[in-house]
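Examination of the molecular architecture
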Amino acid sequence: MTPVEAWSAVVAGEDAAIYAYSVAGGRVQGAARRQALAGLEAHRAQRSRAAALVVAAGGTPPPPAAAYQLPDDVRRPRGAKAAMADVDNALVAVYADAAGATTGDDRRWAARTAADCAVLAVAWGAAPQAFPT
């Protein structure tokens, strides 16, 4: 996998996470709502950084998809939390791939962000796992 491919996959994954957090985050209340808003802002910042890395590697960031399929029914808070856990879990593998395709500070950022996504997934109720699924 080239750095352009890796960072493009991160951009696409972050676009999906931004959508999921935007929809599912509106279905939770209190502390969970604040956590969802913080997560949404983090995913937006991560998407921006990944898009800049695509450009720096000589590529063009992919545009957001026209539509996204949420991994869970988000009409109730439990499903909304599960959806956010699922997209964060999916990003663990995407960032791990990016860490494997890059070097230096970019690699460290990708590895750290993979770990951050794993922690977020667990915070939303996902079971801890040794490797992403």
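Residues numbered from 1 in each chain as written. Predicted model: local features only at pLDDT ≥ 70, side-chain atom pairs only at ≥ 80, totals over all residues. Heavy atoms only, no water.

1. Some points on the overall build of the protein chain
Going by this rule: Helix numbering and strand numbering both begin at the N terminus, where a helix is a DSSP run of H or I of at least 4 residues and a strand a DSSP run of E of at least 2. It is over C-alpha atoms that the radius of gyration is taken, and the globule rule equals 2.2 Å times the number of residues to the power 0.38. Buried residues are those whose accessible area, probed at 1.4 Å on protein chains only, stays under 20% of the maximum for their type, while exposed residues exceed 50% and partly exposed ones sit between those limits. Contact between two residues is taken to exist if any of their heavy atoms lie within 4.5 Å; hydrogens are not considered. Here the Shrake-Rupley method, with its probe set to 1.4 Å, supplies the accessible areas, and only the displayed protein chains count as covering residues.
The helix and strand tally for the protein chain stands at 4 helices and 0 strands. Compactness check: the protein chain gives a C-alpha radius of gyration of 14 Å against a globular reference of 14 Å for 133 residues, within 12% of the reference. In terms of overall dimensions, the protein chain has C-alpha extents of about 40 × 35 × 20 Å along its principal axes. Buried residues in the protein chain amount to 39% of all 133 residues. In the protein chain, of all internal contacts separated by at least 6 residues, the share reaching a separation of at least 24 is 74%. By element, 57% of the accessible surface of the protein chain is carried by carbon and sulfur atoms, the whole surface being about 7000 Å².

2. Looking at the pattern of salt bridges
Opposite charge on two side chains allows them to pair when their charged atoms are near. Condition: Every case where a carboxyl oxygen of Asp or Glu lies within 4 Å of a side-chain nitrogen of Lys or Arg is listed as a salt bridge.
A complete count under the given rule lists 4 salt bridges for this structure. Of the charged contacts in the structure, one is a salt bridge between Asp-15 and Arg-47, with a shortest N-O distance of 2.7 Å. Taken together, the positions of Asp-15 in helix 1 (residues 3-24) and Arg-47 in helix 2 (residues 30-56) put the pair 32 residues apart, joining distant regions of the chain. A residue is classified by how much of its surface remains accessible, and Asp-15, at 8% relative accessible area, is buried.

3. Observations regarding the confidence of the model for the protein chain
The condition is simple: The pLDDT value expresses, per residue, how confident the predictor is, ranging between 0 and 100.
Overall, the predicted model of the protein chain reaches an average pLDDT of 93, with 98% of residues at or above 70. For the protein chain, the element scoring lowest by mean pLDDT is helix 3 (residues 77-101), at 95; helix 2 scores highest, at 97.

4. Here's the deal with the nonpolar core
One broad trend across soluble globular proteins is that nonpolar side chains are buried collectively. Heads up, the rule is: Within this scheme, the nonpolar core is defined by two criteria: the residues are buried Ala, Val, Leu, Ile, Met, Phe, Trp, Tyr or Cys, and they are joined through side-chain atoms within 4.5 Å.
Membership of the largest hydrophobic core comes to 37 residues, with the highest contact counts inside it found for Trp-7, Met-84, Tyr-95 and Trp-124. Going through the elements one at a time, helix 1, helix 2, helix 3 and helix 4 (104-123) are the ones with two or more residues in this core. For Trp-7, the contacting residues outside a window of four places in its chain are Ala-50, Leu-53, Val-54, Ala-98, Thr-102, Asp-106, Trp-109 and Ala-110.

5. What to know about the packing of helix 3 against helix 4
In plain terms, the rule: Lines fitted to C-alpha atoms define the axes here, with helix axes fitted over just the stretch in contact, and angles between the N-to-C directions of these axes take values from 0 to 180 degrees. Oblique is the label for every angle not falling under 35 degrees (roughly parallel), over 145 degrees (roughly antiparallel), or within 65 to 115 degrees (roughly perpendicular). Note on convention: the crossing is left-handed when the near helix lies turned anticlockwise from the far helix by less than a right angle, right-handed when the turn is clockwise. For this classification, Asp, Glu, Lys and Arg are treated as charged, while Ala, Val, Leu, Ile, Met, Phe, Trp, Tyr, Cys and Pro are nonpolar and the rest, including Gly, are polar.
At their nearest, the axes of helix 3 and helix 4 sit 8 Å apart, and the two run at 160° to each other. Compared by their axis directions, helix 3 and helix 4 come out roughly antiparallel. Seen from above, helix 3 lies across helix 4 with left-handed handedness. Contacts from Ala-85, Asp-88, Asn-89, Leu-91, Val-92, Tyr-95, Ala-96, Ala-98, Ala-99 and Gly-100 in helix 3 reach Arg-107, Trp-109, Ala-110, Ala-111, Thr-113, Ala-114, Cys-117, Ala-118, Leu-120 and Ala-121 in helix 4. Residue composition of the contact of helix 3 with helix 4, grouped by class: 15 nonpolar, 3 polar and 2 charged.

6. A word on the side chain of Gln-46
Along the chain, the position of Gln-46 falls in helix 2. Setting aside residues up to four positions removed in sequence, Gln-46 forms contacts with Glu-14, Tyr-95, Trp-109 and Thr-113.

7. Details of the packing of helix 1 against helix 3
It is at 9 Å that the axes of helix 1 and helix 3 come closest, and there the two elements cross at 170°. Taken together, the axes of helix 1 and helix 3 are roughly antiparallel relative to one another. Between helix 1, through Pro-3, Ala-6, Trp-7, Ala-9, Val-10, Gly-13, Glu-14, Ala-16, Ala-17, Ala-20, Tyr-21 and Ala-24, and helix 3, the contact on the second element is made entirely by Ala-80, Ala-83, Met-84, Val-87, Asp-88, Leu-91, Val-94, Tyr-95, Asp-97, Ala-98 and Ala-101. Residue composition of the contact of helix 1 with helix 3, by class: 19 nonpolar, 1 polar and 3 charged.

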